[in-house]
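# Results of the structural survey
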Amino acid sequence: MTRRAVPVSRRLFLATGAATLLAAPAVLAKGAARVVIVGGGAGGASVARMLATAPGIQVTLVEAKPVYTTCFFSNLYLGGLRSFDSLQFGYDGMSGAGVQVIHDRAIAVDRDRRVLALAGGARLSYDRLVLSPGIDFVEGSVPGWTMDDAQTMPHAYRAGPQTQLLARLLRDMPQGGLFAMVAPPNPYRCPPGPYERVSMIAHLFARHNPTAKILIFDPKPAFAKQALFMEGWQHHYPGMVERIGPDFGGADVQLRPADRQVIVDGEAQPVDLCNVIPAQKAGMIADLAGLTNDTGWAPVDGTTMTALADPNIHVLGDSADQGDMPKSAYAANSQARVVADSIAAQLTDAPSYAPSYANICWSLLAPGDAVRVGARYVAQNGRIVATENFVSQPSEDEARRRTTAVEAESWYDGITTELFGESAV
């Protein structure tokens, strides 16, 4: 049995009304199946919401932070187009929907006993464990830079205090100053993300620091939506943005944070501010659970998103090595549907569905000028494989770009409302 994809303009998750929501897990039947979810972002929170209405399943969500800050759309905050508060959401709505929410850090998984250990001392037994812990960074992937240097050369690629720090440092830059970004190698969270960030920073500079310059040091020969970004930068911010690819040293930079220098081909380039986005890997709990391989990511079966190392554990979102899907919030939510269906079918009498996936990534080049890329996917031979692809075209008319920008905002409002409630904290 297959399902039609839901149009992006519609509510993306729950068709059920409040009257159908289960009571809190504490009043569920004693024999209820136990599903524990680690990670309260777009992937984990989606699974929790979807399973909260499944009879006979007790859902527990473990998330260290009591307030979730979306990494998606945080570039708009850097560009001065959103407030920081508009990116932040609490979990009261999740608790009210029948999910037991525990704010603690997962530190270990006993796979033989099916027990998750928390930093606060709690031990949670599970019938199925879902891991959606996002990303961690590969220490040493940018020579000369460590996580200790993130206070002077921020990464801002896990949203929160780092995002606020980068925003403040951008506004404190001297007039005519030089901003540098060290872009990450593949694969990483949100492939167009660094380049949308450049667009939003350029927009900020165009208003408040019009003679500032932006240098991108990029280890990749090409990047997502490259033609669209290059065209957008030339149109909106002519002469402001320069990219240095691997042919000219972009793959072999070193940093001197104390001196605010980027070393390229042995020559020191002074900068006023550097945003370092290092190489990435699966969130730490996936590694501690023994689910990752030499790539740093957790291989999964694309049919159910179960870890290849353990059929009782699902890994989804940024941490999963699943095939063709990019690491994005939209992709995580799409994978969550498959995970929730699979778990409900395994633990209850719910019907099973043939897995199908979708992804869309929107990027804002300037206010009212947005582009998108996306695809549909199926599971083949245990991997997720793209079947249809689409991307915005260069030189689209202004009305099309404005419609795409509105579509992106509509999606953001839809996903955050359905997961967390009616408004940001």
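If you trace the backbone, Ser132 turns up in the loop between β9 (128-131) and β10 (135-137). A polar side-chain atom of Ser132 sits 3.3 Å from the main-chain amide nitrogen of Gly44. If we ignore the near neighbours within four places in the chain, the residues touching Ser132 are Val38, Gly39, Gly43, Gly44 and Leu316.

This part takes up the nonpolar core. Looking at soluble globular proteins, one finds that nonpolar side chains tend to be buried together. The biggest cluster of nonpolar side chains holds 115 residues, and the ones touching the most others in it are Leu116 and Phe179. If one sorts the elements of this core by residue count, helix α8 (residues 329-347) sits on top with 10 residues. In this structure Leu116 touches Val36, Val38, Val62, Ala106, Ala108, Val109, Ala122, Arg123, Leu124, Tyr126 and Leu129, once residues within four positions along its chain are discounted. With 17 residues, the next largest nonpolar core counts Ala180, Val182, Leu215 and Leu255 among its residues.

Let us now look at the sheet that holds strand β13 (residues 241-244). The strand order β13-β12-β11-β17 describes an open sheet built from 4 strands, whose pairing is parallel. Taken across any chain shown, the strands that pair with only one partner, and hence form the sheet edges, are β13 and β17 (273-276). When strand polarity is set aside, the average angle formed by the axes of neighbouring strands in this sheet is 15 degrees. Alignment of strand β12 (residues 213-217) against β13, held across 4 bridges, turns out to be parallel. Bridge assignment links Ile214 to a residue of β13, and that residue is Val241. Sitting on the sheet, helix α4 (residues 161-172) is in contact with β11 (178-182) and β17, with an inclination near 155 degrees to β17.

For the rest of this paragraph, the subject is the packing of aromatic side chains. Under the counting rule described, the total for this entry stands at 17 aromatic pairs. Measuring from ring centre to ring centre gives 5.7 Å for Phe72 and Tyr412, while their planes differ by 65 degrees; the resulting arrangement is edge-to-face. With Phe72 in the loop between β3 (67-69) and α2 (74-78) and Tyr412 in helix α9 (residues 398-420), this residue pair connects regions lying 340 residues apart in the sequence. Tyr412 shares its class with Phe72; the two are buried. One aromatic cluster in this structure is built from Tyr68, Phe72, Phe73, Phe89, Tyr91, Tyr330, Trp362, Trp411, Tyr412 and Phe420. Looking at Lys327, its charged tip hangs above the ring of Trp297, at a distance of 3.9 Å from the centre.

Our next topic: the environment of Arg123. One can find Arg123 in strand β8 (residues 123-125). Residues Arg123 and Ala106, 17 residues apart in the sequence, show an inter-C-alpha distance of 9.6 Å. Setting aside residues no more than four positions away along its own chain, Arg123 makes contact with Val115, Leu116, Ala117 and Leu118.

Turning our attention to the sheet that holds strand β14 (residues 253-256). The strand order across the open sheet formed by 3 strands is β14-β15-β16, and the pairing between neighbours is antiparallel. Both outer strands of the open sheet, β14 and β16 (267-270), are each paired with one neighbouring strand and no more. Strand-to-strand twist of the sheet, defined as the mean angle between neighbouring strand axes without regard to direction, takes the value 30 degrees. When strand β15 (residues 261-264) meets β16, the two strands line up antiparallel, connected through 4 bridges.

Rules used throughout
Residues numbered from 1 in each chain as written. Predicted model: local features only at pLDDT ≥ 70, side-chain atom pairs only at ≥ 80, totals over all residues. Heavy atoms only, no water. Helix = DSSP H or I, 4+ residues; strand = E, 2+ residues; numbered from the N terminus. Polar contact = N/O pair within 3.5 Å; in protein donor to acceptor, adjacent residues only side chain to side chain. Contact = heavy atoms within 4.5 Å. Core = buried A, V, L, I, M, F, W, Y, C linked by side-chain atoms within 4.5 Å. Buried < 20%, exposed > 50% of the residue type's maximum accessible area, 1.4 Å probe, protein only. Pairing = 2+ DSSP bridges. Axes fitted to C-alpha atoms, helices over the stretch in contact; angles between N-to-C directions. Phe/Tyr/Trp six-rings, centres within 6.5 Å; stacked < 30°, edge-to-face > 60°. Lys NZ or Arg CZ within 6 Å of the ring centre and 35° of its normal.

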